Amino acid sequence: MIHKFEIDGIRIVLDVNSGAVHIVDKLVYEILDYYPSKGMDETFEIVKDKYSKDEIDNAFEEIRYLKENDMLFCDDSYINDSSFINRKPVIKALCLHIAHDCNIRCEYCFASQGDFKGDRSLMSEEVGKKALDLLIENSGNRRNLEVDFFGGEPLLNFDVVKKLVEYGRKREKETNKNFRFTLTTNGVLLNDEIIEYINENMENVVLSIDGRKEINDKMRYTINRSGTYDIILPKIKKMVEARKDKSYYVRGTFTKHNLDFANDVLHLADLGFKNTSVEPVVAEPGMPYELTEKDLPVIYEHYENLAKEMIRREKAGEGFNFFHFTIDLNQGPCVIKRLTGCGAGSEYLAITPQGDLYPCHQFVGNEDFKIGDVDSGIINRELGKKFGNAHVYNKQKCRDCWAKFYCSGGCHANAFNFNKDINIPYELGCEMEKKRIECSLYVKAKLSIESSK
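(A) Structural detail: the layout of surface pockets. Within this model, the second largest pocket holds a volume of roughly 380 Å³. Along the wall of the second largest pocket there are 15 residues; nearest its centre are P89, S346, R381, G384 and K385. Considering each element in turn, the lining of the second largest pocket owes the most residues, four residues, to helix α13 (residues 381-388).

This is how it looks when you write it as structure tokens:
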């Protein structure tokens, strides 16, 4: 299987199964419309008005060489790979809902402004410790374990965050495990003490802001509906500056209100944030900020605009990272991980303040997806198996899709929310993801061309 596309005059061919990426001329690009179903003579008859016989011969020879060396029309060997067939998932990550409460109100919030359509509550130290113990007990031989302090707003329960980090460090020594703690925050409660603590103890921090002031404040506001941009910007800038080389992401959401979201990404870059992520909203049908199929042409245009500007800035020494344009082109061991996706329900669990277990944060509150609790452990293991088997080979739309080794089959929660089946992907999300992959490949191709000059 191959996929070919053109952006800004650069013709790119992706061999899906090998991961090989080729920058080709117009002739090879055109011939691949007919190869291999048509032979050289048939193809020559189709394109002879534009190309000579020698040119076509050379193009066919180039294609044959790539095919013989498993760089074009390569077979899919991963479905039979022993590491894929014999994989035995263990729980390696938790989304710890330290607070089902929030100090701001985001209009598009999937968590119903922080309470997840339930009572506002904070996780106790006892529940949190049991959660960490559960992770250790279900992690098998895996040493590195991930724990994300999540909300609502986790800094509303900061004392418990600190106690759980302390407990985790104690349990590390007892069990030969290594906890990697992360935290996601809207930044409102950041101060010098909290910034210092996070920078010392968190492997990564995600800081929420949507971009330009007018865009951010339209969707992310305080309880009394005042904008949050002026409140959080100085704090998250201070946090990022203090982190120095430690990992962070400044993360936003774009909606129908800012289809020109590339300008928000660039605004964040102009503010000095080198690691950004601005993601499309996933909304219930009929919401005023909902993205629809009609919006795709504009969204595609702005992804391409962003890619071109990122190239320009990289060449000028002003480069930055955009999460959705980060792509792994190596079809090595990591490809098996990409086949199975995020691991929700099989390798990754969300735990509520009450200690209930769900496949991920977006299933919290749906009792049909409750897997267990911190006292009884994982009870519904069949549900975990169902999620573990929701990989690209068991999703018909994914199996035949050129993007399957990069998108991993998409979000299970979005699939269920829109199609009531975790094996049927959210189509709008698929289309945007495919465009992002193309733009990622274009950025790499363009920079490769520039560096070779």
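From this point on, the discussion continues.
(B) Structural detail: the packing of helix α11 (residues 296-315) against helix α17 (residues 427-451). Following both chains from N to C, one finds α11 and α17 inclined at 25°, their axes separated by 10 Å at the closest point. Relative to α17, α11 is oriented roughly parallel. Helix-helix and strand crossings are classified by hand; for α11 and α17 the assignment is right-handed. Of α17, the residues touching α11 (which contributes L296, I299, Y300, Y303, E304, A307, K308, I311, E314 and K315) are L428, E431, M432, K435, R436, C439, Y442, V443, K446, L447 and E450. Looking at the contact of α11 with α17 residue by residue, the classes come out as twelve nonpolar, no polar and nine charged.

(C) Up close: the pattern of salt bridges. By the definition in use, this model includes 38 salt bridges. In this structure, E304 and K435 form a salt bridge, with 2.6 Å as the shortest nitrogen-oxygen distance. Here E304, found in helix α11, pairs with K435, found in helix α17; they are 131 residues apart in sequence, far enough to count as distant. No difference in accessibility class separates E304 from K435, as the two residues are buried. Each member of the salt-bridge network shares a partner with another, and the members are D133, K170, R171 and E174.

(D) Structural context of the packing of aromatic side chains. In total, this model carries 16 aromatic pairs according to the counting rule given. Ring centres of Y35 and F73 lie 5.5 Å apart, and the angle between their planes is 45°; on these two criteria the pair is classed as tilted. Of this pair, Y35 sits in the loop between α1 (26-31) and α2 (40-47) while F73 sits in the loop between α3 (53-68) and α4 (82-85), and the two are 38 residues apart along the sequence. Judged on exposure class, the residue Y35 and its partner F73 are both buried. Through pairs of rings, three or more aromatic residues link up here, namely F254, F261, Y303, F322 and F325. Sitting over the face of the ring of Y29, K4 holds its NZ or CZ atom 3.6 Å from the ring centroid. It is R225 that lies over the ring of Y221; its NZ or CZ is 4.2 Å from the centre.

(E) Main features of the sheet that holds strand β16 (residues 356-358). Ordered by their spatial adjacency, eleven strands build an open sheet running β14-β13-β12-β10-β9-β8-β4-β15-β16-β17-β18, and the pairing between neighbours is mixed. A single partner strand is all that each edge strand has here, and the edge strands are β14 (321-322) and β18 (377-378). Where strand β15 (residues 348-351) lies against β16, two bridges are found, and the strand directions are antiparallel. Looking at β16, one finds that I351 is bridged to L357.

(F) Representation of unusual backbone geometry in the model. In this structure, the amide linkage connecting Y35 to the following residue, P36, adopts the cis form with an omega of 0°. Among the secondary structure elements, P36 is positioned in the loop between α1 and α2. The omega torsion of the bond from G151 to G152 falls at 15°, within 30 degrees of zero and hence cis. Positive phi values are uncommon outside glycine, yet F73 reaches one of about 55°. You will see that K244, though not glycine, has its phi angle at about 55°, which is positive.

(G) Spotlight on helix α9 (residues 229-243). Compared with an ideal rise of 1.5 Å per residue, which puts 15 residues at 21 Å, α9 spans 21 Å between its outermost C-alpha atoms and is within 8% of the ideal. Residues of α9 that are buried make contact with α7 (192-201), β10 (204-208), α8 (213-219) and α10 (262-270). Note on α9: the residue one or two positions beyond its end, K244, has a positive phi of about 55°.

(H) Inspection of a nonpolar patch on the surface at higher detail. Taken together, the side chains of L122, L156 and L189 make up a nonpolar region of the molecular surface, amounting to roughly 210 Å² of accessible area. For L189, a relative accessible area of 32% gives the class partly exposed.

(I) Main features of the side chain of E153. Within the element layout of this structure, E153 appears in the loop between β8 (144-150) and α6 (158-175). We note that E153 is buried and unpaired, the nearest opposite charge coming from R220 at a distance of 6.9 Å. In this structure the side chain of E153 is engaged in a polar contact, spanning 3.0 Å, whose partner is the backbone nitrogen of L155. Not counting residues within four places of it along the chain, the set of residues in contact with E153 comprises A99, D101, C102, N103, T185, N186 and G187.

(J) Up close: the state of the cysteines. Tallied over the full model, the rule gives zero disulfides. With no disulfide partner, C407 has as its closest neighbouring cysteine sulfur the one in C398, 5.5 Å distant. We classify C407 as partly exposed; its relative accessible area is 22%.

(K) Fine view of the pairing of strand β1 (residues 2-7). Bridge analysis of β1 against strand β2 (residues 10-15) gives six bridges, and the strand direction is antiparallel. Bridge pairing links E6 to R11 in β2. Where β1 folds back on β2, the antiparallel hairpin that results is connected by two residues, among which D8 adopts a positive phi of roughly 55°.

(L) Highlighting the nonpolar core. Among the nonpolar cores identified, the biggest contains 120 residues, and L96, F149, L190, I198, M202, L306 and F322 are the most heavily contacted of them. Among the elements that take part in this core, α17 stands out by supplying eight residues, more than any other. Look past the residues within four positions of F322 in its chain and what remains in contact with it is V265, T276, S277, V278, Y303, L306 and M310.

What counts and what doesn't
- Residues numbered from 1 in each chain as written.
- Predicted model: local features only at pLDDT ≥ 70, side-chain atom pairs only at ≥ 80, totals over all residues.
- Heavy atoms only, no water.
- 1 Å grid on protein atoms, 1.4 Å probe; cavity = no way out; pocket = protein on both sides within 12 Å on 5 of 7 lines; lining within 4 Å.
- Points joined across faces, edges and corners; volume = space filled by probe spheres on them.
- Helix = DSSP H or I, 4+ residues; strand = E, 2+ residues; numbered from the N terminus.
- Axes fitted to C-alpha atoms, helices over the stretch in contact; angles between N-to-C directions.
- Parallel < 35°, antiparallel > 145°, perpendicular 65-115°, else oblique.
- Left-handed = near helix turned anticlockwise from the far one by under 90°.
- Contact = heavy atoms within 4.5 Å.
- Nonpolar A, V, L, I, M, F, W, Y, C, P; charged D, E, K, R; others polar.
- Salt bridge = Lys/Arg side-chain N within 4 Å of Asp/Glu carboxyl O.
- Buried < 20%, exposed > 50% of the residue type's maximum accessible area, 1.4 Å probe, protein only.
- Phe/Tyr/Trp six-rings, centres within 6.5 Å; stacked < 30°, edge-to-face > 60°.
- Lys NZ or Arg CZ within 6 Å of the ring centre and 35° of its normal.
- Pairing = 2+ DSSP bridges.
- Expected span 1.5 Å × (residues − 1).
- Patch = residues over 30% accessible without salt bridge, like charges linked within 9 Å, V, L, I, M, F, W, Y side chains within 5 Å.
- Areas by Shrake-Rupley, 256 points an atom, 1.4 Å probe, with all protein chains shown as cover.
- Lys, Arg positive; Asp, Glu negative; His and termini not counted.
- Polar contact = N/O pair within 3.5 Å; in protein donor to acceptor, adjacent residues only side chain to side chain.
- Disulfide = S-S within 2.5 Å.
- Core = buried A, V, L, I, M, F, W, Y, C linked by side-chain atoms within 4.5 Å.

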